[in-house]
Amino acid sequence: MTSRSGPLTVVAAAVLWGTAGTVGALAPAGSISLAAARLVIGGAVLAAVAARAARAAAGRTTPRVPGRTTRRVPGALLAAGGLAVAAYQLCFFAAVARTGVAIGTVVAIGSGPVFTGLLSWLLDRNRPSRRWAVATATAIAGCAVLVTGGGAGGADAGGIALALLGGLLYAFYAVTAARAIGAGMGSDTVMGVLFGAAGLIMLPVLVGSGPGWLAEPRGLLAALYLGCATTALAYVLYGRGLRTTPVATAATLALAEPAVAAILGLVVLHEHLSAISWGGLALLAASLIVVALPDRSAPHPASLEQATGLSSSA
């Protein structure tokens, strides 16, 4: 995969994520049970993909690339990443329940790129570029205007805190995935480990929340789509995009998700977008284009470590 195709792959993943809300709204299930089913199914598929990738890697000899070192990724870090994946789902839906969909979504998703850029800077000494900072600020502003329509009003402080925690958890598992990929693990393997662990964690939640809705054809189809498309396929694409896209940039590109969700809500669910929200959509689209464009002033990445902003000393 080239450095030019990496951002497009991340955007493709965000488009799939953006369909989840519409599908979830049509499913005969509560949000917590739906999120649990999504992770259990998606985690199982990603774990199977990772197992297949591991078997394929065991059957071939990979030539050593001069100047590139393969480092061991601590199992505790991957376990923490899997826990963060599961905790993010719970924090996000709890925040939405307290603050409403609009505010909860914009705070959780909008804060993700900020936390990702900061964690990447603190942990990997990968300082975000000025273009990233400007484009991310513009994207968050566009996201806020798009989701709230310019009139968010008051909000529950506890719900806001849960949404911010969700954004931090998302940033943590995104940076964890990027570090593991930069250390030499295959992206499919990384996503399989993280989401396989999250699926195991969420299995008791699914059982406890009442999975009877899965017996209905509409419920089963929704769960399969959410698990296979918006989780498994989307995170395979996202992981492969991280091979050549800095994690802070990938987090900003993922802000395409609420734009897709808003458009689908308009077309499928017959929701309404105000003129202000359309302006926010345009602002968000423009900022994503700026981030996705290749930086001609930066040297072409010669290795995975350079492309992901990770060094062998990180």
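Predicted model, so just to flag it, every value in this text is computed and none were measured. (Residues numbered from 1 in each chain as written. Predicted model: local features only at pLDDT ≥ 70, side-chain atom pairs only at ≥ 80, totals over all residues. Heavy atoms only, no water.)

S.K.: How would you sum up the overall build of the protein chain? Please name residues and give values.
M.R.: Counting its regular elements, the protein chain contains 13 helices and zero strands. Helices and strands in the protein chain line up, N terminus first, as α-α-α-α-α-α-α-α-α-α-α-α-α. Per-residue burial over the protein chain gives 45% buried out of 314 residues. Counted over contacts in the protein chain with a minimum sequence separation of 6, partners at least 24 positions apart contribute 89%. Carbon and sulfur atoms provide 68% of the accessible area of the protein chain, an area that totals close to 14,100 Å². (Helix = DSSP H or I, 4+ residues; strand = E, 2+ residues; numbered from the N terminus. Buried < 20%, exposed > 50% of the residue type's maximum accessible area, 1.4 Å probe, protein only. Contact = heavy atoms within 4.5 Å. Areas by Shrake-Rupley, 256 points an atom, 1.4 Å probe, with all protein chains shown as cover.)

S.K.: Talk me through the confidence of the model for the protein chain; I want residue IDs and the actual numbers.
M.R.: Put simply, the protein chain has an average pLDDT of 77, and 75% of its residues get 70 or more. Of all the helices and strands in the protein chain, helix H13 (residues 304–307) carries the lowest mean pLDDT, 34, while helix H9 (residues 217–241) carries the highest, 92. Here residues 298–314 is a poorly scored stretch, pLDDT under 50, and it has 38 contacts once near neighbours within four places are set aside; other chains count. (pLDDT = per-residue confidence, 0-100.)

S.K.: Describe helix H1 (residues 5–18), listing the residues and the values that go with them.
M.R.: Between its terminal C-alpha atoms H1 stretches 20 Å, which fits the 20 Å expected from 14 residues at 1.5 Å a residue. Of all the residues in H1, the buried ones are Gly-6, Pro-7, Thr-9, Val-10, Ala-13, Ala-14, Leu-16, Trp-17 and Gly-18. (Expected span 1.5 Å × (residues − 1).)

S.K.: Talk me through the side chain of Thr-116; I want residue IDs and the actual numbers.
M.R.: Locating Thr-116 in the fold gives a position in helix H5 (residues 101–124). In contact with Thr-116, other than residues within four places in its own chain, are Tyr-170, Ala-171, Val-175, Val-247, Ala-248 and Ala-251.

S.K.: I'd like a description of the packing of aromatic side chains, backed by residues and values.
M.R.: Two numbers describe a pair of aromatic rings. These are the distance of the centres and the angle of the planes. In the structure shown here, the tally under the stated rule is ten aromatic pairs. Ring plane angle 50 degrees and centroid distance 6.3 Å describe the contact between Tyr-88 and Tyr-170, whose orientation is recorded as tilted. Of the two residues, Tyr-88 sits in helix H4 (residues 75–99) while Tyr-170 sits in helix H7 (residues 157–182), which places them 82 residues apart along the sequence. For the pair formed by Tyr-88 and Tyr-170, the shared burial category is buried. Ring plane angle 85 degrees and centroid distance 6.2 Å describe the contact between Tyr-173 and Phe-195, whose orientation is recorded as edge-to-face. Residue Tyr-173 is found in helix H7, and its partner Phe-195 is found in helix H8 (residues 187–208); the two are separated by 22 residues along the sequence. By relative accessible area, Phe-195 is classed as buried at 2%. Aromatic rings pair up to connect Trp-17, Tyr-88, Phe-92, Tyr-170, Tyr-173, Phe-195, Tyr-235 and Tyr-238 into one cluster. (Phe/Tyr/Trp six-rings, centres within 6.5 Å; stacked < 30°, edge-to-face > 60°.)

S.K.: Give a description of the environment of Ala-108 that names residues and reports values.
M.R.: Considering the arrangement of structural elements, one finds Ala-108 in helix H5. For Ala-108, a relative accessible area of 2% gives the class buried. Those residues in contact with Ala-108 that sit more than four places away from it in its chain are Phe-92, Ala-163 and Gly-167.

S.K.: So, the pattern of salt bridges: which residues are in play, and what are the values?
M.R.: For the structure on display, the rule yields one salt bridge. When the shortest N-O distance is used, the salt bridge between Asp-188 and Arg-240 registers 2.7 Å. Here Asp-188 is found in helix H8, whereas its partner Arg-240 is found in helix H9, with 52 residues between them in sequence. On the basis of relative accessible area, Arg-240 is assigned to the partly exposed category, the value being 32%. (Salt bridge = Lys/Arg side-chain N within 4 Å of Asp/Glu carboxyl O.)

S.K.: Would you mind going over H8 in detail, with residue names and values included?
M.R.: In this model H8 runs 32 Å from its N-terminal to its C-terminal C-alpha over 22 residues, within 8% of the 32 Å that 1.5 Å per residue would give. Along H8, the residues classified as buried are Ser-187, Asp-188, Val-190, Met-191, Gly-192, Leu-194, Phe-195, Gly-196, Ala-198, Gly-199, Met-202 and Leu-206. At the C-terminal side of H8, Gly-210 shows a positive phi close to 85 degrees.

S.K.: Describe the nonpolar core, and please don't skip the residues or the numbers.
M.R.: Ranked by size, the top nonpolar core spans 65 residues in total, and within it Phe-195 and Tyr-238 carry the most contacts. Of the residues forming this core, the biggest block, eleven residues, is contributed by H7. Each residue touching Tyr-238, except ones within four places of it in the same chain, is listed here: Val-10, Ala-13, Trp-17, Tyr-170, Ala-174, Met-191, Ala-250 and Ala-251. (Core = buried A, V, L, I, M, F, W, Y, C linked by side-chain atoms within 4.5 Å.)

S.K.: I'd like to hear about the packing of H7 against H8, residue by residue, with values.
M.R.: Running from N to C, H7 and H8 cross one another at 140 degrees; their axes reach a closest spacing of 9 Å. Regarding the angle of H7 to H8, the classification is oblique. Helix-helix and strand crossings are classified by hand; for H7 and H8 the assignment is right-handed. Of the residues in H8, those in contact with Tyr-173, Thr-176, Ala-177, Ala-180 and Ile-181 of H7 are Ser-187, Val-190, Met-191, Leu-194 and Phe-195. Residues of the contact of H7 with H8, tallied by class, amount to eight nonpolar, two polar and no charged. (Axes fitted to C-alpha atoms, helices over the stretch in contact; angles between N-to-C directions. Parallel < 35°, antiparallel > 145°, perpendicular 65-115°, else oblique. Left-handed = near helix turned anticlockwise from the far one by under 90°. Nonpolar A, V, L, I, M, F, W, Y, C, P; charged D, E, K, R; others polar.)

S.K.: Account for the packing of H1 against H9, naming residues and giving values.
M.R.: In the contact formed by H1 and H9, the axes pass within 8 Å of each other and the chain directions differ by 165 degrees. Between H1 and H9, the interaxial angle falls into the category roughly antiparallel. Between H1 and H9 the crossing geometry is left-handed. For the pair H1 and H9, the contacting residues are Gly-6, Thr-9, Val-10, Ala-12, Ala-13, Leu-16 and Trp-17 in the first and Tyr-225, Ala-229, Thr-230, Leu-233, Ala-234, Tyr-235, Leu-237, Tyr-238 and Gly-241 in the second. Of the residues belonging to the contact of H1 with H9, the class tally is twelve nonpolar, four polar and no charged.

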